[in-house]
Amino acid sequence: MSEKQIDEFSGVSTTGHEWDGIKELDNPMPRWWLIIYYATIVWAGAYVIAYPAWPLISTATTGLLGYSSRSEMKAEFAAANAAKADYIAAIASKSVTEILADDKLRTFAAAAGAAAFKVNCVQCHGSGAQGSPGYPNLNDDVWLWGGKPQDIQQTIAHGIRFTEDSNTRVSEMPAFGDMLKPQEITQVANYVASLSGKAGDTSATDIAAGKELYAQNCSSCHGDEGKGNQEVGAPNLTDAIWFYGSTPAAIAAQIKAPKHGVMPAWGVRLGDTAVKELTVYVHSLGGGE
Amino acid sequence: MLDTPEIETFDATAVNSARMRQPLYAARKKVFPKRAEGSFRRFKWIVMLITLGIYYLTPWLRWNRGPYAPDQGVLVDLANRRFYFFPIEIWPQEFYFVAGLLIMAGFGLFLVTSTVGRAWCGYTCPQTVWVDLFLVIERAVEGDRNARIKLDAAPWSAGKLIKRVTKHLIWLIIAVLTGGAWIFYFADAPTLLRNLVTGHAEPVAYITIAILTGTTYVFGGLMREQVCTYMCPWPRIQAAMLDENSLTVTYNDWRGEPRSRHAKKAAAAGQAVGDCVDCNACVAVCPMGIDIRDGQQLECITCALCIDACNSVMDKIGRERGLISYATLAEYQANMALATAGGTSTIDPRRVHDANGRLSDKVATFHLKKLMGPRTLIYLAAWTLVGLGLLYALLTRDRLQVNVLADRNPQFVVLSDGSIRNGYTIKLLNMIPEPRTITVTMQNLPGADMSVVGMDQHVERSFVVEVEPDKLKTLKVYVRQPRENIASSRQHFTFVVEDKSSHESDRYEATFDAPETGK
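This one's a predicted model, so the numbers in the text were calculated from it and none came from an experiment. (Residues numbered from 1 in each chain as written. Chains lettered and ligands numbered in written order. Predicted model: local features only at pLDDT ≥ 70, side-chain atom pairs only at ≥ 80, totals over all residues. Heavy atoms only, no water.)

A. Summary view of the overall build of chain B. For chain B, the count of helices and strands is 17 helices and 16 strands. Expected size for 519 residues packed as a compact globule is a radius of gyration near 24 Å; at 35 Å, chain B overshoots this value by more than 25%. Residues counted as buried form 44% of the 519 residues belonging to chain B. On chain B, roughly 27,800 Å² of surface is accessible, and the fraction owed to carbon and sulfur atoms is 63%. (Helix = DSSP H or I, 4+ residues; strand = E, 2+ residues; numbered from the N terminus. Rg over C-alpha atoms; globule rule 2.2 N^0.38 Å. Buried < 20%, exposed > 50% of the residue type's maximum accessible area, 1.4 Å probe, protein only. Areas by Shrake-Rupley, 256 points an atom, 1.4 Å probe, with all protein chains shown as cover.)

B. A look at the layout of surface pockets. Residues and elements named next belong to chain A. Approximately 1,600 Å³ is the volume found for the second largest pocket. Of the residues forming the lining of the second largest pocket, the biggest block, 7 residues, is contributed by helix 4 (residues 103-120). Grouping the constituent residues of the lining of the second largest pocket by class yields 18 nonpolar, 19 polar and 12 charged. (1 Å grid on protein atoms, 1.4 Å probe; cavity = no way out; pocket = protein on both sides within 12 Å on 5 of 7 lines; lining within 4 Å. Points joined across faces, edges and corners; volume = space filled by probe spheres on them. Nonpolar A, V, L, I, M, F, W, Y, C, P; charged D, E, K, R; others polar.)

C. Layout of unusual backbone geometry. Residues and elements named next belong to chain B. For the bond from E257 to P258, the omega torsion is -10°, close enough to zero to count as cis. Here P258 lies in the loop between helix 11 (253-256) and helix 12 (263-268). A cis amide bond, omega 0°, links N409 with the succeeding residue P410. At R224, a position not held by glycine, the phi torsion is positive, near 45°. Residue position: R224 is located in the loop between helix 8 (203-223) and helix 9 (225-231). With a relative accessible area of 6%, R224 lands in the buried category. Here the phi dihedral of A304 falls at roughly 70°; this positive angle occurs in a residue that is not glycine. Note that A304 resides in the loop between helix 13 (281-285) and helix 14 (305-317).

D. Layout of the confidence of the model for chain B. All names here are of chain B. Predicted confidence across chain B gives a mean pLDDT of 89, with 96% of residues reaching 70 or more. Looking over chain B, one finds the lowest element-wise mean pLDDT in strand 12 (residues 457-460), namely 73, and the highest in helix 1 (residues 39-57), namely 96. Predicted as a complex, the structure gets a pTM of 0.77 and an ipTM equal to 0.77. (pLDDT = per-residue confidence, 0-100.)

E. Region of the structure containing the UniProt feature "domain: Cytochrome c" (unreviewed entry) in chain A. Residue and element names in this part refer to chain A. The UniProt entry lists residues 108-196 and 205-286 under the feature "domain: Cytochrome c" (unreviewed entry), expressed in the numbering used here. Helix makes up 46% of residues 108-196 and strand 0%, whereas the separation of the span's terminal C-alpha atoms amounts to 39 Å. Helix makes up 51% of residues 205-286 and strand 0%, with an end-to-end C-alpha separation of 41 Å. (UniProt positions renumbered as here; feature names shortened; annotations may be inferred.)

F. Layout of the UniProt feature "binding site: heme c 1" (unreviewed entry) in chain A. All names here are of chain A. If you check UniProt for "binding site: heme c 1" (unreviewed entry), the listed places come out as C121, C124, H125 and M263 in our numbering. These annotated residues cover 143 residues of sequence, but their C-alpha atoms sit close together, with the largest distance between any two at 10.6 Å. Residue position: C121 is located in the loop between helix 4 and helix 5 (122-125). For C121, a relative accessible area of 11% gives the class buried. Ignoring sequence-local partners within four residues, the contact set of C121 consists of A116, G126 and L278. Mapped onto the elements of the fold, M263 is located in the loop between helix 10 (248-256) and helix 11 (267-270). With residues near it in sequence (within four places) discarded, M263 still touches H125, T155, I156, G159, I160 and F162. (Contact = heavy atoms within 4.5 Å.)

G. Up close: the side chain of Q226 of chain B. Its location among the elements puts Q226 of chain B in helix 9. For Q226 of chain B, a relative accessible area of 8% translates into the label buried. When neighbours within four sequence positions are excluded, Q226 of chain B is seen to be in contact with W32 of chain A together with R28 and M231 of chain B.

H. How the structure looks around the domain arrangement of chain A. Per the domain assignment, the segments making up chain A are domain 1 (1-67), domain 2 (73-165 + 267-284) and domain 3 (176-256). Just the C-alpha atoms count here: the centres of domain 1 of chain A and domain 3 of chain A sit 86 Å apart. (Domains from an automatic or database assignment.)

I. Broad picture of the domain arrangement of chain B. Each domain of chain B was delimited in the assignment, giving domain 1 (39-234), domain 2 (248-366) and domain 3 (400-513). Averaged C-alpha coordinates put domain 2 of chain B and domain 3 of chain B at centres separated by 76 Å.

J. Looking closely at the interface of chain B and chain A. Opposite the 26 residues of chain B that make contact, chain A presents 29 residues. Where chain B abuts chain A, roughly 2,300 Å² becomes buried across the two surfaces, and 55% of that area is made up of carbon and sulfur atoms. Inspection of the region where chain B meets chain A yields 0 salt bridges. At the boundary of chain B with chain A, the tally comes to 9 residue pairs in polar contact (both at pLDDT 80 or more). Put simply, the parts of the chain that give the side of chain B that touches chain A at least two residues each are strand 1 (25-26), helix 9 and strand 8 (413-414) of chain B. For the side of chain B that touches chain A, the leading source of residues is helix 9 of chain B, giving 3 residues. Classifying every residue of the side of chain B that touches chain A gives 14 nonpolar, 7 polar and 5 charged. As paired strands, strand 3 (residues 29-30) of chain A and strand 1 of chain B are joined by 2 bridges and run parallel to one another. Paired with M29 of chain A across the strands is Y25 of chain B, a residue of strand 1 of chain B. (Buried area = accessible area lost by both parts, 1.4 Å probe. Salt bridge = Lys/Arg side-chain N within 4 Å of Asp/Glu carboxyl O. Polar contact = N/O pair within 3.5 Å; in protein donor to acceptor, adjacent residues only side chain to side chain. Pairing = 2+ DSSP bridges.)

K. Structural detail: the packing of helix 4 of chain A against helix 12 (residues 272-283) of chain A. Residues and elements named next belong to chain A. Viewed as axis vectors pointing N to C, helix 4 and helix 12 meet at an angle of 100°, and their least axial separation amounts to 7 Å. Regarding the angle of helix 4 to helix 12, the classification is roughly perpendicular. Residues R106, F108, A109, A110, A112, G113, A114, A116 and F117 of helix 4 form the contact with helix 12, whose participating residues are E277, L278, V280, Y281 and V282. Of the residues in the contact of helix 4 with helix 12, the class split is 11 nonpolar, 1 polar and 2 charged. (Axes fitted to C-alpha atoms, helices over the stretch in contact; angles between N-to-C directions. Parallel < 35°, antiparallel > 145°, perpendicular 65-115°, else oblique.)

L. Spatial organisation of the nonpolar core. Residue and element names in this part refer to chain B. Ranked by size, the top nonpolar core spans 32 residues in total, and within it V249, I292, C306, I307, I324 and Y326 carry the most contacts. Residue assignment for this core shows that the elements contributing at least two residues are helix 3 (119-124), strand 5 (248-251), helix 13, helix 14 and strand 6 (324-327). Counting residues per element, this core draws most heavily on helix 14, at 7 residues. Formed jointly, this core draws a minimum of three residues from each of two domains, domain 1 (39-234) and domain 2 (248-366). What I307 contacts, discounting residues up to four positions off in sequence, is F40, V249, I324, S325 and Y326. One finds V452, V459, A510 and A514 within the second-largest nonpolar core, a separate group that totals 28 residues. (Core = buried A, V, L, I, M, F, W, Y, C linked by side-chain atoms within 4.5 Å.)

M. Quick look at the confidence of the model for chain A. A residue-level look at chain A finds 98% of positions with pLDDT of 70 or above and a mean pLDDT of 89. Per-element mean pLDDT across chain A ranges from 83 in strand 1 (residues 14-19) of chain A up to 95 in helix 6 (residues 149-158) of chain A.

Following this line, the structure appears as structure tokens:
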């Protein structure tokens, strides 16, 4: 390629590159194309000066405009918080009952509560608040400590059997394994199972004996008819919901050596507003009274 | 010169040797299209008026939709996600209409290109229309071709400066109006115009105008044919749709060659002469700056102005029109075979003329029947089918819709009395700009009842809800079924929504989930 080769047909010089007899023409670029090309190079240089670009050892150049995605995020955060400020203030100043009565406020609080629930509550109650054995299902209509808004608020704020909070809800069922004989425990368990139709083929005499034992030992908390008592968190034994299982064996185990769950108090940790939002959300799950 | 034997000479050339050097870039070769006159030019004026008219005036057409919807005939309301096209209102989920229109546009392009060639490029492409408009201004200010060439070559003077500034100013005004017209499609036009003028419009409006002003001015005024040649992918794509029965602007060299500027002299000397008098009128009028006599070229936008120019020359010299014409490749090749006696000799125009110098009967001419081949009919059928499908969908589409989302987490809830409850999110879509009273009813699932969050009532099997005009209403509904009714872990039932006054209704087949051991 010592000599400039001119393509005979087009009159344009070739680059000297040739593949299978096809030669590459050395057409110059259109001027406007080159102008845009150089403009992008200038733009890139200006961008590097104006915006954070060069990585340094522990940081990066800041750029003349002082832009950073973190400060942009902070500004957006502040704007979002400012937009929510009215709602937050209203939630802080109103009672849960008042929030529930206000359609817009309820919708906002429920959405905020759902977000707080997903961070703080799903570990025990499940992402759909459906619970699991020992952790109550918050969708149903059964409430150990009451399902009215203020009951739910009290439970969330102060927890259950959470000794660090002096206002926590406390009650413990005695372990009857030390007080009743094994046979008696079976009889009481069978009777309790029969209250919700789960006793199976237990004999009538056994159930009668269990009923008597129940009246002596259990009715003070669970009531004469086994309807429970929300004042002390005693479960209703006649409904279809069983915290620790509904078979006579599971019931017997619970009578013998009861398990007791603990829920932390969230009032101090999350603040009053978040507790109210959580209350509205939990109340809206379909079981709120 | 040194003549020392020790010094070796090399056969080497510097990479940037002055002999090899070329300029880095090629400046645009200016094109000064002459004003053409004739039937195609008239057709182009009409198309230009119609297309520009549609573009500038459409946003100002009003269409009364009542108190709850905007009164603009064509409105793309991005903020509220509604598209209004006269009586048609499109919701985002009905976007398939737009997809359908795009498919029709595609088939339409295939249909048009396979029959009449690159008609899109020549007549209706915005680039062509605006370049044409900008050329009108250029001619009005600077004069026609020769005057412009002279002005361009002239040294700078006050007169030249005034002309140039005037031209660019008018171009810029057109560009601003072009960018300005675009944004009126996206907001209420009179309000937006007032806000624009008083400086109260959204920044995005000004930015859009600025961008479109810039592109219109640069593409239409400065770059012109270069946009088609270098930037646009369409010429490459469209060329692939042509076949031997597609009409293209063709120089009929079988009757034009050999061309001669001194035809009479040559003919008197007994030489074969074609109809082309080599006047270059076809080159002078070409907005792309090409010579159609060099054959089909990528740059040709088939605007047919060269046909107009050539026809007027043929009229003057008393020859038949159509030396440059719309012709198909099949027809051209037949005539070429005729003129070259099957390709065995060079073109002799005498073979295609009769004794009187008119074109012979043997010359193949265009016939509409040839365009109606199977390919055309298939495109036409596909285009029509999609169109009819869209029309059917449009006429039968629902203006009241219900969507139901069953809660999945938890799938069901056991209540204290043993009954099972499922949660559903019901979305009611009132797609007309009038408020509606909608009845939501649960069908099948005997024994079950409903409750609606926020309505504070136990609704049994049916409830009535007000839905705002042109809005979506979301309801949280719980359906409860006694345990003894539950036959299987999946029961199917139906939500029916109905507007009792218009009898419009929609239904949704929902599923009621229960535990496996539900029975």
